[in-house]
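# What the coordinates show
Residue strings, one per chain:
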Amino acid sequence: MTWGQALILGLVQGLTEFLPISSSAHMRIVSAVFFGDDAGASFTAVTQLGTEAAVLVYFARDIRRILVAWCTTMWHKVSAPARQPVPVHEMATTQLPVYTGDGGIEYGPNPDTQRELDYRIGWYVIIATVPIGVIGFLLKDQIRTGARNLWLVSTMLIVFALVIAAAEYFGAKRRPIEELTTRDGLLMGLAQCLALIPGVSRSGATSSAGLFCGLTRAAAVRFSFLLAIPAVVASGLFSLPDAFEPAGEGLNASGAQIAVATLVSFAVGYASVAWLLKFVTRHSLDWFVGYRIVLGVLVMALLATGVVSAT
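Quick caveat: nothing in here was measured; it's all calculated off a predicted structure.

With that settled, consider the overall build of the protein. Scanning the protein for helices and strands turns up 12 helices and two strands. Counting across all 311 residues of the protein, residues that qualify as buried make up 50%. A sequence separation of at least 24 residues applies to 80% of the contacts in the protein between residues at least 6 apart. Accessible surface, the protein as shown: approximately 14,700 Å² in total, 67% of it carbon and sulfur.

It is worth spelling out the pattern of salt bridges at this point. Any two side chains of opposite charge can pair, given that their charged atoms come close. Summed over all chains, the structure comprises 11 salt bridges. The salt bridge partner of D62 is R222, with a shortest N-O separation of 3.2 Å. One end of the pair, D62, is in helix α4 (residues 60-79); the other, R222, is in helix α10 (residues 217-244), with 160 residues separating them in the sequence. We classify R222 as partly exposed; its relative accessible area is 29%. One salt bridge in this structure joins D118 and R65, with 3.1 Å as the shortest N-O distance. Highlighted residues: D118 in helix α5 (residues 111-138) and R65 in helix α4, separated in sequence by 53 residues.

A separate point is the packing of helix α8 (residues 182-193) against helix α9 (residues 202-212). Between α8 and α9, the least distance of the axes is 8 Å, while the angle of their chain directions is 150°. Here α9 runs roughly antiparallel to α8, going by the angle between their axes. Our pair here, α8 against α9, has a crossing hand that is right-handed. Along the contact surface, α8 presents L187, M188, A191 and Q192, while α9 presents R202, A205, T206, A209 and G210. Here the residues of the contact of α8 with α9 sort into five nonpolar, three polar and one charged.

Moving on: unusual backbone geometry. Positive phi values are uncommon outside glycine, yet S22 reaches one of about 75°. At S201, a position not held by glycine, the phi torsion is positive, near 90°. Residue S201 is classed as buried on the basis of its relative accessible area, which comes to 3%.

Further remarks concern the side chain of R120. Structurally, R120 is set in helix α5. A polar contact of 2.7 Å, which involves the side chain of R120, links it to the backbone oxygen of L180. Beyond its immediate sequence surroundings of up to four residues, R120 is in contact with E178 and L180.

This next bit is on the environment of Y291. Take Y291: it is sitting in helix α12 (residues 286-304). Remark: the alpha-carbon pair of Y291 and A161, spanning 130 residues in sequence, is separated by 8.6 Å.

Bringing the packing of helix α1 (residues 3-16) against helix α2 (residues 23-35) into the picture now. Packed helices, taken two at a time, are described by their axes: the angle between them and the distance between them. Look at α1 against α2: their axes get within 9 Å of each other, and the N-to-C directions meet at 150°. In terms of orientation, α1 lies roughly antiparallel with respect to α2. Seen from above, α1 lies across α2 with right-handed handedness. On the side of α1, the interface is formed by Q5, I8, L9, V12, Q13 and T16, while α2 contributes S23, H26, M27, V30, S31 and F35.

So, how was this worked out
- Residues numbered from 1 in each chain as written.
- Predicted model: local features only at pLDDT ≥ 70, side-chain atom pairs only at ≥ 80, totals over all residues.
- Heavy atoms only, no water.
- Helix = DSSP H or I, 4+ residues; strand = E, 2+ residues; numbered from the N terminus.
- Buried < 20%, exposed > 50% of the residue type's maximum accessible area, 1.4 Å probe, protein only.
- Contact = heavy atoms within 4.5 Å.
- Areas by Shrake-Rupley, 256 points an atom, 1.4 Å probe, with all protein chains shown as cover.
- Salt bridge = Lys/Arg side-chain N within 4 Å of Asp/Glu carboxyl O.
- Axes fitted to C-alpha atoms, helices over the stretch in contact; angles between N-to-C directions.
- Parallel < 35°, antiparallel > 145°, perpendicular 65-115°, else oblique.
- Left-handed = near helix turned anticlockwise from the far one by under 90°.
- Nonpolar A, V, L, I, M, F, W, Y, C, P; charged D, E, K, R; others polar.
- Polar contact = N/O pair within 3.5 Å; in protein donor to acceptor, adjacent residues only side chain to side chain.

Here it is, written out as structure tokens:
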């Protein structure tokens, strides 16, 4: 791999990771069309650490609240028999200030309500991560080989474009994140497993599942981002040995090139996540449906004419 290729792939990863258009598909397609080879699943997984670092920074306040709420609540549950009841006003609180229009400060939800929500979200992320952890480990070899076939990738781009469109059309989009349930989290976790196939899109699959469950678009996308953190970080760390010591054919990147591509994906990814969260509050995901279909058909045309190889 050249330095130019590493920079371009880092840019592609950052731009596409959070959009429902499949970053892994774009990494595969860009590698094949412009570089004549495949950068590999391990390179993609490691550069995703950059975009997940962007999520950690962007949602740092939310993540801290969730961790504090989950840990303190679990501690109180475990140690409750040996403790005297603690007044609510003396408990650790995850409540955040809300700035009013006149410049004053008010406090948001009741501390118990806020803590309960954060505690539940923490559990939902844990529960929803189990399926992709198990399936990803069992099918790791297929994910790195057969799943990267461009015929499959282009087909998934088109098929899941229709799934996203159906979710936007049939989803009630009435329930805010405060009404998230275990069932919602588990269904979105199962949908995340489909993202192991390039072309599906992690955010597209999980957000669509959330919409089918009746969540608002903003709630589905927000939980989708939080849900991706443990899975993507684990996948990236698991793939580090293969990425830094590549074997066989393909675009083999050096450690320095992987590091730079990851930094680029972090910078671009941070801007991308901020943009998408604002976008979904005013627009539907249908804007990405047409793009996915056009890209999928274009890749199929390139394959059919022999311009690029499926493998």
